[in-house]
Amino acid sequence: MSAISETIVREFLEASGFLVKQGSKFVAPSRRHDSHIDFFATHPAAIEPKAALPFELQPADLKHVRRAVFAVKGWHTETFSAAVMANSPEIFRFALPAAAREAEKVFGTDSGFLNILVAPSLPASKKLRRESIEMLSGKGVDGVIEFPAAVSYTHLRAHETREDGGGGGLGV
């Protein structure tokens, strides 16, 4: 299922104006691979935001992101509560120093980038949601996009592309 999720997120990022490079998925056993980055993305037409971006990103916020690494995590029925994340430290590997070194190889050392997690959903309860956001932020995550927002946006863009007769964007 993760390959399908990653394909949807890649389509979402490309529809949002990003140039996307996929992270290494398969590495020879003799080489260690610690980044767990699914996508390196650059938005060549990014617009400087007038205010700080929210932690919970919506598709419209991505036009303000120049460079980011994205990790697609989770199972689409899972809620990413602090308890779930505490028992799954691999969720945060894309935001560790080893992953930052990999991102610097792609983006260069003179350019900053954000660590963005695409997660199935955060808790609905304000208290639990705040706890999850605090945990994510404390582990080096700069923002989160809930998977349903990516799916909805990609679906909407696919219909727009089909209706306007264009063949670009999503390959429909």
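Residues numbered from 1 in each chain as written. Predicted model: local features only at pLDDT ≥ 70, side-chain atom pairs only at ≥ 80, totals over all residues. Heavy atoms only, no water.

(A) Geometry of the sheet that holds strand S4 (residues 114–119). Judged by pairing direction, the sheet is mixed, and its 5 strands sit side by side in the order S1-S2-S3-S4-S5 without closing on themselves. What marks the edges here is a single partner per strand, and that holds for strand S1 (19–22) and strand S5 (143–146). Averaged over all pairs of adjacent strands, the angle between strand axes in this sheet comes to 25°, irrespective of strand direction. Direction of pairing for S4 relative to S5: parallel, over a ladder of 4 bridges. Note that in S5 the partner of Val118 across the bridge is Ile145. Across the sheet, helix H1 (residues 2–15) lies against S1, strand S2 (39–42), strand S3 (67–72), S4 and S5, angled at about 155° from S1, the strand it touches most. (Pairing = 2+ DSSP bridges. Helix = DSSP H or I, 4+ residues; strand = E, 2+ residues; numbered from the N terminus. Axes fitted to C-alpha atoms, helices over the stretch in contact; angles between N-to-C directions. Contact = heavy atoms within 4.5 Å.)

(B) Just the pairing of S2, in detail. The pairing of S1 with S2 spans 4 bridges and is classified as antiparallel. Its bridge partner being in S2, Leu19 is matched across the sheet by Thr42. Sheet topology note: the S2/S3 ladder contains 4 bridges and is antiparallel. Of the residues in S3, the one forming a bridge with Thr42 is Arg67.

(C) Summary view of the nonpolar core. Counting residues in each nonpolar core, the largest one holds 20 residues, and the members touching the most others are Val69, Phe80, Phe94, Leu117, Leu136 and Val141. Elements represented by at least two residues in this core include exactly S3, helix H3 (97–107), S4 and helix H4 (126–138). A total of 3 residues in this core trace back to one element, the largest contributor, which is H3. Counting residues in each nonpolar core, the second largest holds 18 residues, with Leu57, Ala68, Phe70 and Ile116 among its members. (Core = buried A, V, L, I, M, F, W, Y, C linked by side-chain atoms within 4.5 Å. Buried < 20%, exposed > 50% of the residue type's maximum accessible area, 1.4 Å probe, protein only.)

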